Amino acid sequence: MTADVNDLVQRGVFNPGPYLQRHLDGDWGDLCDDDRRQNDAALKSGEDRLFSSYQVTSDLKIWIITEWDRSVTTLLLPSEY
């Protein structure tokens, strides 16, 4: 996770566990149908990244990105992209 997300975790504002589990389960969160289909195709082919977006509160959105080669998964704020 990025430093900003880690700060939210340390302050007790955000618990990443449920959102990471949703991402691992293929629940891509708040994405349009096209982005969901792209993730589903990437999951099968292993040739593209996986992207999830979760509106945690009205003021907090978290993105989770797993790289195309599945080597790294990062939790970040949209402003950090």
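Please read all numbers here as calculations on a predicted model, not as lab measurements. (Residues numbered from 1 in each chain as written. Predicted model: local features only at pLDDT ≥ 70, side-chain atom pairs only at ≥ 80, totals over all residues. Heavy atoms only, no water.)

J.: Quick rundown of the packing of aromatic side chains? Include the residues and the values.
T.: Applying the stated criterion across every chain, the model contains four aromatic pairs. Between Phe51 and Trp63, the aromatic rings sit 5.1 Å apart at their centres with planes inclined by 80°, giving edge-to-face as the arrangement. On the criterion of sequence distance, the pair formed by Phe51 in strand E1 (residues 50–57) and Trp63 in strand E2 (residues 60–66) is long-range, its members being 12 residues apart. Ring geometry for Trp63 against Tyr81: centres 5.7 Å apart, planes inclined by 70°, an arrangement best described as edge-to-face. Here the residue Trp63 occupies a position in strand E2, and Tyr81 occupies one in the segment after strand E3 (73–76), the gap between them amounting to 18 residues. You can call Tyr81 exposed: its relative accessible area is 65%. Taken together, Phe14, Tyr19 and Tyr54 form an aromatic cluster joined through their ring pairs. (Phe/Tyr/Trp six-rings, centres within 6.5 Å; stacked < 30°, edge-to-face > 60°. Helix = DSSP H or I, 4+ residues; strand = E, 2+ residues; numbered from the N terminus. Buried < 20%, exposed > 50% of the residue type's maximum accessible area, 1.4 Å probe, protein only.)

J.: Before we move on, can you summarise the nonpolar core with the specific residues and values?
T.: The biggest cluster of nonpolar side chains holds 10 residues, and these are Val5, Leu8, Phe14, Tyr19, Tyr54, Leu60, Ile62, Ile64, Leu75 and Leu77. If you list the elements that add at least two residues to this core, you get helix H1 (3–10) and E2. Per-element accounting of this core gives the leading share, three residues, to E2. Apart from the residues lying within four places of it in its own chain, the contact partners of Phe14 are Val5, Leu8, Val9, Tyr19, Val56, Leu60, Ile62 and Leu75. In terms of nonpolar packing, the next biggest core, distinct from the first, is built from eight residues, Leu31, Ala42, Trp63 and Ile65 among them. (Core = buried A, V, L, I, M, F, W, Y, C linked by side-chain atoms within 4.5 Å. Contact = heavy atoms within 4.5 Å.)

J.: Break down the side chain of Ser52 for me, citing the residues and quoting the values.
T.: By the secondary structure assignment, Ser52 is in strand E1. Here the side chain of Ser52 touches His23 through a polar contact of 2.6 Å, side chain to side chain. Reaching out from Ser52, the side chain makes a polar contact with the side chain of Tyr54 at a distance of 3.2 Å. With sequence-adjacent residues up to four places away left out, Ser52 is seen in contact with His23, Asp27, Trp28, Leu31, Ile62, Trp63 and Ile64. (Polar contact = N/O pair within 3.5 Å; in protein donor to acceptor, adjacent residues only side chain to side chain.)

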